[in-house]
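So the chains spell out like this:
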Amino acid sequence: MNSENNISHRYDVLVVGFGPAGAVAAGMLGARGHSTLIVDRLTDIYDKPRAIAIDHEILRHFDNMGIADDVLPHIAPFTASQHFGAQGQLIRRIDMVPAPYPLGYTPSMVFTQPPVEAVLRRHAESFDCVTVELGTEMTDLDPQADQVVATLRDASGKSRTVAAKYLVGCDGASSRVRELSGMTLEDLTFDEPWLVVDVQVHDAALTKLPQTSAQFCDPSRPTSYIMGPKNHRRWEIMLLPGENPREMERSENVWRLLSPWLTSEEGELWRAAAYRFHALVADEWRRGRVLIAGDAAHQQPPFIGQGMCQGLRDVSNLVWRLDRVLKGQSSEALLDTYTVERKRHVQTLTGKIKAIGQMICERDPAAAAARDARILAEGGGKPPTITRQEIVPPIEEGLLAAAGTPARGLLFPQPAIVEGASTRLLDRFTGPEWRLILDGRRIGAGEGEAFAGEIDGIVIKTVVPEGAETVDPSALREKDGVLSAWFDRHGAIAALVRPDHYVFGAAQNVQALRQQIADLHARLA
C-alpha cells in the first residue's frame, strides 16, 4: 500500500477511537511509556449520556490509573433494582454484595458519562509519549509482518500514512478497523427495539418517582427505570410492533410514554434515542498486529449495565499483554489468550444478560404470569434477591493455572490495609503488576521470594488480619479480614495475581505454589 518513504511517523501502538475504551487504553499505554497515537474522527466528546453504569472492577482500574478522585464527583451508588411482574407485584430484587466490599469500593455505581470521559481523555493526554489527533479518520490499514501501516485523513481532507507495531481498534459498533481487518460479528440472537430516555428531573418532582431503580416487566410495555447521579433519571422503554423508532424519539411521544411517572413541566429532556438492543460478538479479536476492543468487538443488551465495563475489561486485559510483548518480556503468542479470555467472558455474560432481557421482554400475558410465579417459587414464595456481582462471571479459560486450581479466573479481593491511624487499599502497596500475595499466617515473604523472583517485575507481599500472629514481621495488616477469609474459603496459602487483578491460581501448599510459578514462567516466555 505504502512505501517506507511515505510513512510520516512511527509508534508502538495506534489506537483508533477516543471513547472510554480508547482513552483508557491510551492512558494505560502512556503510563507504561509506550509511544501511542490515538485518533478519532470526531472533534469533541458527545455531550449526552450513553453508558450509565460501572462497577468496582472498573473503579479499581481508575484508582490504579490515579484518576479515581477525579471521577468520583460524577458517580453515585447504584440503588437496588426492583423487578415488578405483570400485575405490578414485586417479584425479584437485584442488589449488591454487602460491606466490607470485596474490592474496596462500592460494588455497583451509576455515573454521568461526559465528565467522566473528559477525565479519561485528560489522563491520556497527560503523557508525553501519547499523541492525540481529533478530527482524524483512519481510512485504510495495511497489516505487515512487523508493523501496521495506516492511512489517516484529517479534517481538511489531507491524508498521510503512519506505522505502528500494533493497532487497537476501539472505534465502536460500526468499527472500520474490524471491517478492514476482515473480522466479522457473530449474532447471539437478541434483537429488540427500545427507546432510551434521559431526563434531568426538577427537585420538586424527585419524590414522586420510584426511590430505587426498577424493571417493570409489564407485557403491555416492558420498561426499565434507572436512578442516575443527582437528578439524572433514565427510562428504557420497549418499542412495540408498528411504532416508528424515529417518530417515538419526538418529544411529544417521549412525554406521553413518561406520563405514568412525570410531566414535561417536571423535568428537562436530556436525550431520547431509539436503539436496537443487540447481542453480538466478533469471531476474532486479533489478526496479527491488529486487535479490537469495546463495542468494536461486542455489543450486548444493557439490562445490568455492563456495556462500558466490558470494553474497559477488554483494554485492561490487553494492555498488560502488549506491554510485555513490546518490552521483549514475552513473545507475541501471549496475545493469543486475549481473544480466548475476553470472547468467552463476553459470551457467558451476554448469555446471562439475554436471559434477564428475555424475562423482562416477555410480551405474552400468560407466559408473563408463569414467569412471575416461577421467580417467586424460586424465592420460596418471596421475591428472591440476587447480586449483580453473581451475574458477572470469572475468566473461564486462557492464561490461567490448570483446571481445578483454587480461585483460578476470579477477581482478586482488595482489603483495606492498616497504616497507623488510617487505611489504604492493597493496590497502593503493590500497583497493578504481577503479584504473589501470601497468607502471612502460614507463609512468609522470604519463602515466596525464593522461587518467584524469576517472574519479571513480580511484587511479593504477605497479608494478615489486624492483630493476628504472623510468621512474617513485614506482613501488611488488613482491617476487615476480607483477604484472610478469602484464603480460608479457598484453602489457600498464596495467590498469583495478574496485572488486571484476575487470579492466575491460588496454591494450597508450597509445592503447588512452586509448580504454578514454574507454569506461569513458561507461559509468559
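Residues numbered from 1 in each chain as written. Predicted model: local features only at pLDDT ≥ 70, side-chain atom pairs only at ≥ 80, totals over all residues. Heavy atoms only, no water.

As annotated in an unreviewed UniProt entry, the protein carries the name Bifunctional 3-(3-hydroxy-phenyl)propionate/3-hydroxycinnamic acid hydroxylase and is attributed to Rhizobium anhuiense.

Caption draft 1: Local environment of empty space enclosed by the protein. Going through the model one piece at a time under the given rule, you end up with two cavities of 30 Å³ or more. Taken as a whole, the largest cavity holds about 160 Å³ of empty space. Elements represented by at least two residues in the lining of the largest cavity include exactly strand E5 (81-84), strand E13 (213-216) and strand E14 (223-227). Residue classes in the lining of the largest cavity are distributed as nine nonpolar, six polar and two charged. Here the second largest cavity is characterised by a volume of approximately 50 Å³. Contributions of two or more residues to the lining of the second largest cavity are made by helix H8 (307-326) and helix H9 (336-360). It is H8 that contributes the most residues to the lining of the second largest cavity, three residues altogether. Classifying every residue of the lining of the second largest cavity by side-chain character gives two nonpolar, three polar and three charged. (1 Å grid on protein atoms, 1.4 Å probe; cavity = no way out; pocket = protein on both sides within 12 Å on 5 of 7 lines; lining within 4 Å. Points joined across faces, edges and corners; volume = space filled by probe spheres on them. Helix = DSSP H or I, 4+ residues; strand = E, 2+ residues; numbered from the N terminus. Nonpolar A, V, L, I, M, F, W, Y, C, P; charged D, E, K, R; others polar.)

Caption draft 2: Just the packing of aromatic side chains, in detail. A complete count under the given rule lists 13 aromatic pairs for this structure. Between the aromatic rings of Trp 194 and Phe 277, the centroid separation amounts to 5.3 Å while the plane-to-plane angle is 15°, which identifies the pairing as stacked. You can see Trp 194 sitting in strand E12 (residues 185-201) and its partner Phe 277 sitting in strand E16 (residues 267-282), a full 83 residues away along the chain. Given the relative accessible area of 6%, Phe 277 is considered buried. (Phe/Tyr/Trp six-rings, centres within 6.5 Å; stacked < 30°, edge-to-face > 60°. Buried < 20%, exposed > 50% of the residue type's maximum accessible area, 1.4 Å probe, protein only.)

Caption draft 3: Summary view of the pattern of salt bridges. In the structure shown here, the tally under the stated rule is 40 salt bridges. Here Glu 179 makes a salt bridge to Arg 176, at a shortest N to O gap of 3.4 Å. Of the two residues, Glu 179 and Arg 176 both sit in helix H5 (residues 176-181), three residues apart, roughly one turn of that helix. What makes Glu 179 exposed here is its relative accessible area of 53%. You can call Arg 176 partly exposed: its relative accessible area is 32%. Between Asp 198 and Arg 234 there is a salt bridge, with its nearest N and O atoms 2.8 Å apart. Residue Asp 198 is found in strand E12, and its partner Arg 234 is found in strand E15 (residues 232-238); the two are separated by 36 residues along the sequence. (Salt bridge = Lys/Arg side-chain N within 4 Å of Asp/Glu carboxyl O.)

Caption draft 4: Examining the sheet that holds strand E7 (residues 108-111) more closely. Taken in spatial order, the three strands make up an open sheet running E3-E7-E4, and their pairing is antiparallel. Whereas interior strands pair on both sides, the edge strands pair on one side only; in this sheet they are strand E3 (53-55) and strand E4 (75-77). Recorded for the sheet is a direction-independent mean angle of 35° between the axes of neighbouring strands. As defined by bridge partners, E4 adjoins E7 across three bridges and the pair is classed as antiparallel. By the bridge assignment for E7, Ile 75 is matched with Phe 111. Across the sheet, H8 is in contact with E3 and E7; its angle to E3 comes to roughly 45°. (Pairing = 2+ DSSP bridges. Axes fitted to C-alpha atoms, helices over the stretch in contact; angles between N-to-C directions. Contact = heavy atoms within 4.5 Å.)

Caption draft 5: Structural view of the domain arrangement of the protein. Considered domain by domain, the protein is made up of domain 1 (9-74 + 110-185 + 279-350) and domain 2 (410-524). At the junction of the two partners, domain 1 supplies 17 residues and domain 2 supplies 17 residues. Applying the counting rule to domain 1 against domain 2 returns four salt bridges. The salt bridge involving Asp 427 is made with Arg 60; its shortest N-O contact spans 2.8 Å. For the pair domain 1 and domain 2, the interface holds nine residue pairs in polar contact (both at pLDDT 80 or more). Put simply, the parts of the chain that give the side of domain 1 that touches domain 2 at least two residues each are helix H2 (56-65), H8 and H9. A total of six residues in the side of domain 1 that touches domain 2 trace back to one element, the largest contributor, which is H8. Among the residues forming the side of domain 1 that touches domain 2, the class breakdown is two nonpolar, seven polar and eight charged. (Domains from an automatic or database assignment. Polar contact = N/O pair within 3.5 Å; in protein donor to acceptor, adjacent residues only side chain to side chain.)

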